[in-house]
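# Breakdown of the fold
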Amino acid sequence: MPYVPHSPEEIREMLDVIGVDSVEDLFAEIPTELRPKSFALPKGKSEMAVLQQLEEMAAKNTTDLTSFLGAGFYDHFIPTAVDALSSRSEFYTAYTPYQPESSQGTLQAIFEYQTAMARLMGMDYANASVYDGGSALYEATLMAVRKTRRKKIIVSEALNPIYRVMLDSYTTNLNLELITVPHNHGRTNVKSITAAVDKDTAAVIVQNPNFFGSVNDFTEMFEKVHEHKALAIMSTYPVMQSVLKTPGQMGADIAIGDGQSIGQPLSFGGPYLGIMTCTKALVRQMPGRIAGRTEDEDGKTGYVLTIQAREQHIRRQKATSNICSNQALCALRTLIHLCLLGEEGLRRTATLSVERAHYAAERLTAIDGVEMFTKGPFGNEFAVSLPVNAFEVIDKLTERGIIPGFPVGRYYEGFENVLLVACTEKTTEEQIGIFAEILRGTI
Amino acid sequence: MIPQELLYAKSHEWLKVDGENGIIGITHFAQEQLGDLTFVELPQEGDTFAAGDEFGSIESVKAASEMYAPVDCEVVAVNEALEDAPEKVNEDPYGDGWLMKIKITGPTDGLLDAAAYEKVTEEDAH
């Protein structure tokens, strides 16, 4: 159907039905100071003038800092081919692939992305992605609530606090009982979480590596969770899954993560990519799209959206989620990135990142008064206690060209001296050395 | 293909009454209309329904349909074998393809006998 604007007669007719005199009256509820006319915007400028102004504003950003900032989002190298391939017009402008006859390439890419994610997590199925790790976690929680018909959710405090805030706000009106189990000096409190599980528990939610970088094996805990017929949800950092025991190997029912670290640049907070994977028993509860591979009547391979009887476009009232879009382009970038690296390359990325972080931990804790806060094994991220306020250290070092990390005190009261430090394969030993020396001179 | 001893709902569920207890399934006609089944979603033990309430859904390669309780009831057991083998409903809708066992908690007056249901299927088929 062509786009046809309303004629004056049609507008009159609609206003008469509603019972108002004019379009202006229709908006009478909105105070005049909130109307665009009151904004007193300056007159239009030429393209050149606008560009100049924007460039001046952009130049105020400092872009040559050395960053040790992680806390869920990591600065990994992205091969140039990821940009080149993902910007091909077939992918860049593709219509949501409801019609397999016109979307085979997109559907195949989604199918392969799902396969890669399921393998990475050691799980049976993945969906075609959701907005970001936080919304994936929320959807996973609702899957558990639907499956178990229970309301109690036990959340580790060592789960990314940004996700915990999202979970809180998304579930505000769902009458769920969220119980947060405090962390134990940066460690996931396995004992307390296990003790909190009972017959009313829908799920436990933990993270590996957790927010403080600490690495766990939750296998035994998940067994206990299953004894109560509750589900185990695990939030992950996908790059690290190439070198850690996977959620599937630990017995998780649902594993989620943010795909930012594989193929998406850090770009002022997005776009991100929500990875969702689950066991076969839960696939019917998984929201969003799932692409499947099949054969046509001539035996040729074809790709289709499958298990979608509850998708928004078929039986809307039965939809498992009201989040109606996935992140197909970001998912494609993650797939291309993974294909370019291969299993070995991803493992090398993870290993290098871990090695650099361990070197950084060694250098930083050699400074008087700096101690490891993260106890036990850690991956590419760890927390240190400083003898001074971490916020102040961050301010001082940023002025010297180094973002030393994330201030744990921003989300955890009483831990204002704790700094969360992350490394990737991009972090050099030289950068770590400079960071350590400047820090030594600062505190 | 319409067993005489069962009661039927217009929405193509059958009910076998055995005193206070009953068994519910969908009819041969319904499974034939749906085609090859891919999934059966069933309620949980202990769930209660009023006659006409939706108690689950059934998906085939052609369509997804809701299923409705033919009578007020409480679920005593569900056919868990259908989770892995929904095709049992196609193969044996009045036998191995049963859906759930119930305790009947309301009247069965509104249901059809085999002859009346046959008329419904004739009308639906045309």
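To be clear, the structure that these remarks concern was listed above.
What this report covers is the structure whose coordinates are included nearby.

Calculation notes
- Residues numbered from 1 in each chain as written.
- Chains lettered and ligands numbered in written order.
- Predicted model: local features only at pLDDT ≥ 70, side-chain atom pairs only at ≥ 80, totals over all residues.
- Heavy atoms only, no water.
- Helix = DSSP H or I, 4+ residues; strand = E, 2+ residues; numbered from the N terminus.
- Rg over C-alpha atoms; globule rule 2.2 N^0.38 Å.
- Buried < 20%, exposed > 50% of the residue type's maximum accessible area, 1.4 Å probe, protein only.
- Salt bridge = Lys/Arg side-chain N within 4 Å of Asp/Glu carboxyl O.
- Axes fitted to C-alpha atoms, helices over the stretch in contact; angles between N-to-C directions.
- Parallel < 35°, antiparallel > 145°, perpendicular 65-115°, else oblique.
- Left-handed = near helix turned anticlockwise from the far one by under 90°.
- Contact = heavy atoms within 4.5 Å.
- Nonpolar A, V, L, I, M, F, W, Y, C, P; charged D, E, K, R; others polar.
- Patch = residues over 30% accessible without salt bridge, like charges linked within 9 Å, V, L, I, M, F, W, Y side chains within 5 Å.
- Areas by Shrake-Rupley, 256 points an atom, 1.4 Å probe, with all protein chains shown as cover.
- Pairing = 2+ DSSP bridges.

## A short note on the overall build of chain A
Each helix and strand in chain A was counted, giving 14 helices and 15 strands. In terms of C-alpha radius of gyration, chain A reaches 25 Å, essentially the compact-globule figure of 22 Å for 443 residues. Oriented by its inertia axes, the alpha-carbon framework of chain A measures out at about 80 × 60 × 45 Å. The buried share among the 443 residues of chain A stands at 48%.

## Some words on the pattern of salt bridges
Residue and element names in this part refer to chain A. Taken as a whole and assessed by the stated rule, the structure comprises 14 salt bridges over all chains. The residue Asp217 makes a salt bridge to Lys245 at a minimum N-O spacing of 2.9 Å. Of this pair, Asp217 sits in the loop between β5 (201-208) and α10 (219-227) while Lys245 sits in the loop between β6 (231-236) and α11 (247-250); the two residues are 28 residues apart in sequence, bridging distant segments of the chain. By relative accessible area, Asp217 is classed as partly exposed at 44%. The structure contains a network of salt bridges with shared partners spanning Glu343, Glu344 and Arg347.

## Regarding the packing of helix α12 (residues 328-365) of chain A against helix α14 (residues 429-442) of chain A
Residue and element names in this part refer to chain A. Across the interface, α12 lies against α14 with an axial gap of 9 Å and an inter-helix angle of 25 degrees. By the criterion of interaxial angle, the relationship of α12 to α14 is roughly parallel. For the pair α12 and α14, the sense of crossing is right-handed. In this structure, α12 uses Arg356, Tyr359, Ala360, Arg363 and Leu364 to contact α14, whose residues at the interface are Glu429, Ile432, Gly433, Phe435, Ala436, Glu437 and Leu439. Residue composition of the contact of α12 with α14, grouped by class: seven nonpolar, one polar and four charged.

## A few points about unusual backbone geometry
Residues and elements named next belong to chain A. The linkage connecting Asn208 with the following residue, Pro209, adopts the cis geometry, with an omega of -10 degrees. Secondary-structure assignment places Pro209 in the loop between β5 and α10. Each neighbour pair has its own omega, and for Gly270 with Pro271 the value is 0 degrees, a cis peptide bond. For Arg149, which is not a glycine, the phi torsion comes out positive at approximately 55 degrees. Looking at the element boundaries, Arg149 is found in the loop between α7 (133-148) and β3 (152-156). We classify Arg149 as partly exposed; its relative accessible area is 46%. Despite not being glycine, Asn175 shows a phi value in the positive range, around 55 degrees. Its place among the elements puts Asn175 in the loop between α8 (161-170) and β4 (177-181). For Asn175, a relative accessible area of 64% corresponds to the exposed category.

## Side note on a nonpolar patch on the surface
Residues and elements named next belong to chain A. Together, Ile11, Met14, Val17, Ile18, Val23, Leu26, Phe27, Ile30 and Leu34 make up a nonpolar patch on the protein surface, roughly 810 Å² of accessible area in all. At the level of elements, α1 (8-18) and α2 (23-26) are the ones that each hand at least two residues to the nonpolar patch. Looking at the nonpolar patch, the element that brings in the most residues is α1, giving four residues. Counting through the fold element by element, Leu34 comes out in the loop between α2 and α3 (47-58).

## So, the sheet that holds strand β9 (residues 100-104) of chain B
All names here are of chain B. Here we have six strands laid out as an open sheet, ordered β1-β2-β3-β9-β8-β5, and antiparallel in their pairing. If you trace the sheet from one side to the other, it starts and ends with β1 (7-8) and β5 (48-49), each paired once. Bridge count for strand β3 (residues 21-26) against β9 is four bridges, and the pairing is antiparallel. When the bridges of β9 are listed, Gly22 appears paired with Ile102.

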